[in-house]
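Commentary on secondary and tertiary structure
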Amino acid sequence: MNKISGKQLYSVAMIGEIFAIFCLQGSIGLLTAAGYVAASLIVCAVVMPFAWAYRSGKELPEAVEFLLLLLIIAWGGSLFAMQWSASEMIYIPYENHGISGKLLISGLIALVCLYISSTGIKSLGRAAVIAAAIGAVCLAVVVISTLSKHDWQNMSHNGNELTFAGEFVRGLLISGNAAAFIVLLGMDKGSTILSTGIFFAVRAAVGAVVIVTTVLAVGDIMPAVELPAVMAARLAQPFAAQRIDSLFMIVFAVYAVFSIAVQSAAAVCLLGKLFPKIRRFRSLTVLTLMLSSALIINNVR
Amino acid sequence: MSMRNADKSIHSANTINEVMNLNGNNWQAEKLSTSLSGNIKRIRAISGGSSDILVNRFVTGGISCALICCDGMVSTSVITELIFEPITGIEQQKNASALFHYIQEQLLLSTDRPEAEDMGSVFRLIDSGFAILIAEGMDTALGFGVQGYSTRGVQEPSGEGNIMGAHEGFTETIRTCMSQIRRRIKSPELVMEMMQKGSKSNTDICLCYMKDRVPSGLMTDIRRSLERIKLESILSTGYIRPFLEERRFEVFSSTGVTERPDVLCSKLIEGRVAILVDGVPFAIVVPKLFCENFQTLDDYAYKPYYAVFIRWLKYGAFIMSVLLPALYAAIVMYHPELLNSTLFMLLVDSEKNAPLSIMTESLFVLLMYEVVREAGVRLPKPVGGAVSIISGLIIGDAAVKSGLVSTPLLTMTALAVLGGLVVPELNPPITVLRFAFLIAGGLMGLFGISLLACAVLANICATEDYGFPYTAPLSPFRRSGMSDTLIRADMKKMQERGFTVEEYHE
């Protein structure tokens, strides 16, 4: 039986959450952090009944599983679309070759995701712990260099046009990872209720720290910035003679791959339950559906 | 009686096949008959009249006998002094059974005296260096352990050097290897199980484990894996390892090998299982963890602070050896903004005259190195030295002077290659990964390197044999395992821990 530990569950899920914040578009402020924390509480409340159900050994109804599958595919597509938008600001060779360049990049990511999800949820969990640890170190470098260099008055310089309600909705909109979390929760070795509580507490705290750091680093130029988190990484240079932007780029690429692989692994698991006759090419089917939904989302935008 | 008088007559294979049915392996279960001549004839027929099978006929105690052995596998002096001299002096006996009883009970000819009842056992003993005594009227054979084949002596291991530990390595003789282990672990808990594998080679294989430390279930799983071996011959550890590794495609091998008895003993005490193969001076260790590639016996001989320094140096060397050429190509080709102005100008200056792209240049240098290395390994040692001189001085110097290769790139490649030599057991995967990362970095920059790193990471994390994850204790994380992974704790603390590999079982 494929079971993962609590630490692996948090890592797998947190990577997706952090990647969504990296791809956050438009101005952000302290209200964004507040909205994100509030949204985390609401999503936690939504996930808790599932945690109770798993704890009491109940299976999810097929209709719910089908709905979760649709949500995961849609969120996977959104992650592809977010990655397309963000990669315009991060230098990736061939990305600026129009739609063919974007499809090439997405195709490569999909290929790696296909391989990762084919190795199974256990290995994905183990790999996610290492990826999350590397990402945490890189983020810590960005946070520390930002805190040591930037003016605290930046906090008040932006975000005048933001409202709590608007930021709360934005927080909810970037919580699509919750569907995959619900599926993975069923594979948790430990207490599902405790895992849910800890995960959403960590999600709220880490998300708030990343958003506040971004606000602090970007400061006055926030209205002119498309992707604040990416810009914050560019501005946070801890060394005088050496740039470290690309450290962020590596984290971005790794998190993009893992966040999509997690969606893919969760969707494959549901697909196997709902349609047991589909035995082969499950991962390929799921990733094709995600890429198709990404194209739709991109066109709708 | 001397060996020179031995009957070495060779029969033509055709004649033998006409007389005897030699199709298939049916002869193995064939029982010995009571006729001495019939048995000798059958042995000659089965061996195809092979010239190294010696049949010495003589009469002792009034009964016709024959001593059969394999030339070169027995010690001539031992067989003369300890077998022929006592046996030929036996007084008249009632019958062959009484003769065999007398030899078994009254004479102490050798310590190892197995009996054989069928042709399969007879040939197994002959091929293992035993002398076989058969007599008229007896349907069993007596074996005497008089092995005397020439073997390589115990020497210093060639690939696993160390400074502070023992300087002896395994040899090709399985019994010597077993004694080397037994000398270090003088405990009845150490079990050595012999078995034979290879339908033609009948290679001796020894399964070693500490019965009080080995995880429950691991032995059953390993035995089941070994049962799947249906090969005709086992000539190296590489014939067995694929049967012990559960996944089809593993970049890093989840079974280890060592040529050091002291290292093997430490693994056995940690609850691992070792497999010795006759004719191979390496032992297979199951299960193997990724972090073990960076541990050496010297780590435990030095002070912990120095051992930690060396260990981190090895981690760094491993990463450098895999990624350095790829990072150089990616940064110079796609991300020059990462370089500070001085370094940037230096690289521009040296690369502007190079006729090839950086990726092609790197691939060329790395391929050149691999060709030189392979030539150095395969050629006789004196010529190997000449190859190194030609490659290092002539080709390297000429390539730089002609501008075909830039000096910084050559430096990066040399550093990467040197880094790989720090962890010799990982050299094959490092070599292939270095090329793969270079191509990824050269085509897609840091993005390509990141993508490939994700795939490699997933592959490493998926590597698992018998429920032991290859990446343990890092992931799944075991805090107790960090005392000998990220650091090397004090020996007193490690003693308190009493580690066995079962801690990492999932």
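Here's what I pulled together on the structure shown here.

Rules used throughout
Residues numbered from 1 in each chain as written. Chains lettered and ligands numbered in written order. Predicted model: local features only at pLDDT ≥ 70, side-chain atom pairs only at ≥ 80, totals over all residues. Helix = DSSP H or I, 4+ residues; strand = E, 2+ residues; numbered from the N terminus. Rg over C-alpha atoms; globule rule 2.2 N^0.38 Å. Buried ≥ 20, exposed ≤ 12 C-beta atoms within 10 Å, placed from the backbone. Pairing = 2+ DSSP bridges. Core = buried A, V, L, I, M, F, W, Y, C linked by C-beta atoms within 7 Å. Contact = placed C-beta atoms within 7 Å. Nonpolar A, V, L, I, M, F, W, Y, C, P; charged D, E, K, R; others polar. Axes fitted to C-alpha atoms, helices over the stretch in contact; angles between N-to-C directions. Parallel < 35°, antiparallel > 145°, perpendicular 65-115°, else oblique. Left-handed = near helix turned anticlockwise from the far one by under 90°.

**Some details on the overall build of chain A**
In terms of helices and strands, chain A carries 12 helices and zero strands. If you list the helices and strands of chain A from N to C, you get α-α-α-α-α-α-α-α-α-α-α-α. The globule rule puts the C-alpha radius of gyration for 301 residues at 19 Å, and the 19 Å found for chain A is close to it. Projected onto the principal axes, the alpha-carbon positions of chain A cover approximately 55 × 40 × 35 Å. Looking at chain A as a whole, 51% of its 301 residues qualify as buried.

**Quick word on the overall build of chain B**
What chain B contains, in helices and strands, is 16 helices and 12 strands. The C-alpha atoms of chain B give 30 Å as radius of gyration, which overshoots the globular expectation for 506 residues (23 Å, by more than 25%). Along the longest, intermediate and shortest principal axes, the C-alpha atoms of chain B span 100 × 55 × 40 Å.

**What to know about unusual backbone geometry**
Most peptide bonds take the trans configuration, and most residues that are not glycine carry a negative phi. Going from B:V286 to B:P287, the amide bond is cis rather than trans, its omega being -10°. Within the fold, B:P287 resides in the loop between β10 (283-286) and α10 (304-334). For the bond from B:S475 to B:P476, the omega torsion is 5°, close enough to zero to count as cis. Tracing the backbone through its elements, the reader meets B:P476 in the loop between β12 (468-469) and α16 (491-497). Within the chain, A:F281 stands out as a residue other than glycine whose phi angle is a positive 60°. Its place among the elements puts A:F281 in the loop between α11 (245-274) and α12 (282-300). For A:F281, a count of 11 C-beta atoms within 10 Å puts it in the exposed group. Even without being a glycine, B:Y466 presents a positive backbone phi close to 55°. Mapped onto the secondary structure, B:Y466 falls in the loop between β11 (464-465) and β12.

**Quick word on the environment of B:F499**
Its location among the elements puts B:F499 in the segment after α16. The spatial distance from the C-alpha of B:F499 to the C-alpha of B:S480 is 8.9 Å, given a sequence separation of 19 residues.

**A word on the pairing of strand β7 (residues 203-210) of chain B**
Sheet faces and side chains relate simply in a regular strand, where the side chains alternate between the two faces. All names here are of chain B. Across the eight residues of β7, six count as buried, placing the element largely inside the fold. Examined bridge by bridge, strand β6 (residues 190-197) and β7 share eight bridges and lie antiparallel to one another. By the bridge assignment, M192 is partnered in β7 with C208. Counting the residues between successive antiparallel strands, the hairpin from β6 to β7 contains five residues, one of them, G198, with a positive phi of roughly 95°. Inspection of the sheet shows β7 paired to strand β9 (residues 273-277) by four bridges, in the antiparallel sense. What sits directly across from C206, in β9, is L276.

**Thoughts on the nonpolar core**
By size, the foremost hydrophobic cluster in this structure holds 186 residues, and its most contacted members are A:I15, A:V257, B:A283, B:L451 and B:C454. Examining the composition of this core, we find that 20 residues originate from one element, α11(A), more than from any other. Each residue touching B:C454, except ones within four places of it in the same chain, is listed here: A:V112, A:I116, A:V254, A:V257 and A:F258. Counting 39 residues, the second largest nonpolar core, distinct from the first, contains B:A66, B:L67, B:C69 and B:I126.

**Describing the interface of chain B and chain A**
Listed by partner, the interface residues are 23 residues for chain B and 28 residues for chain A. Broken down by element, the residue count for the side of chain B that touches chain A peaks at 12 residues, all from helix α15 (residues 427-462) of chain B. Among the residues making up the side of chain B that touches chain A, the classes are represented as 16 nonpolar, six polar and one charged.

**Things to note about the pairing of strand β1 (residues 53-60) of chain B**
Residues and elements named next belong to chain B. With eight bridges connecting them, β1 and strand β2 (residues 63-70) associate as antiparallel partners. In the strand pairing of β2, R57 is matched with A66. Hairpin connection of β1 to β2: two residues between the antiparallel strands, including G61 at a positive phi of 60°.

**Examining the sheet that holds strand β8 (residues 256-258) of chain B**
Residue and element names in this part refer to chain B. A sheet is described by the order of its strands in space; here five strands give the open sequence β6-β7-β9-β10-β8, paired in antiparallel fashion. With partners counted over all chains shown, the strands left at the sheet margins are β6 and β8, one partner each. Averaged over all neighbouring strand pairs, the angle between strand axes comes to 25°, with direction disregarded. Across the sheet, helix α9 (residues 261-269) lies against β6, β7, β8, β9 and β10, angled at about 55° from β7, the strand it touches most.

**Some words on the packing of α10(B) against helix α14 (residues 407-422) of chain B**
A pair of packed helices can be characterised by two numbers: the angle between their axes and the separation between those axes. Residue and element names in this part refer to chain B. Where α10 meets α14, the axes come as close as 8 Å, and the angle between the chain directions of the two elements is 150°. Overall, the two elements α10 and α14 adopt an arrangement that is roughly antiparallel. At the point where α10 passes α14, the crossing takes the left-handed sense. Across from K314, A317, F318, M320, S321, L324, P325 and Y328 in α10, the residues of α14 making contact are L409, M412, T413, L415, A416, G419, G420 and V422.

**A closer look at the packing of helix α2 (residues 30-55) of chain A against helix α7 (residues 164-173) of chain A**
All names here are of chain A. The interhelical angle for the contact between α2 and α7, taken along N-to-C directions, is 55°, at an axis separation of 7 Å. Classed by the angle they form, the pair α2 and α7 counts as oblique. Between α2 and α7 lies a crossing of right-handed hand. Contact with α2, carried on its side by L31, T32, A34, G35, Y36, A38, A39 and I42, involves F164, E167, F168, R170, G171 and L172 of α7 and no other residues of that element. A breakdown of the residues in the contact of α2 with α7 according to their chemical character gives nine nonpolar, three polar and two charged.

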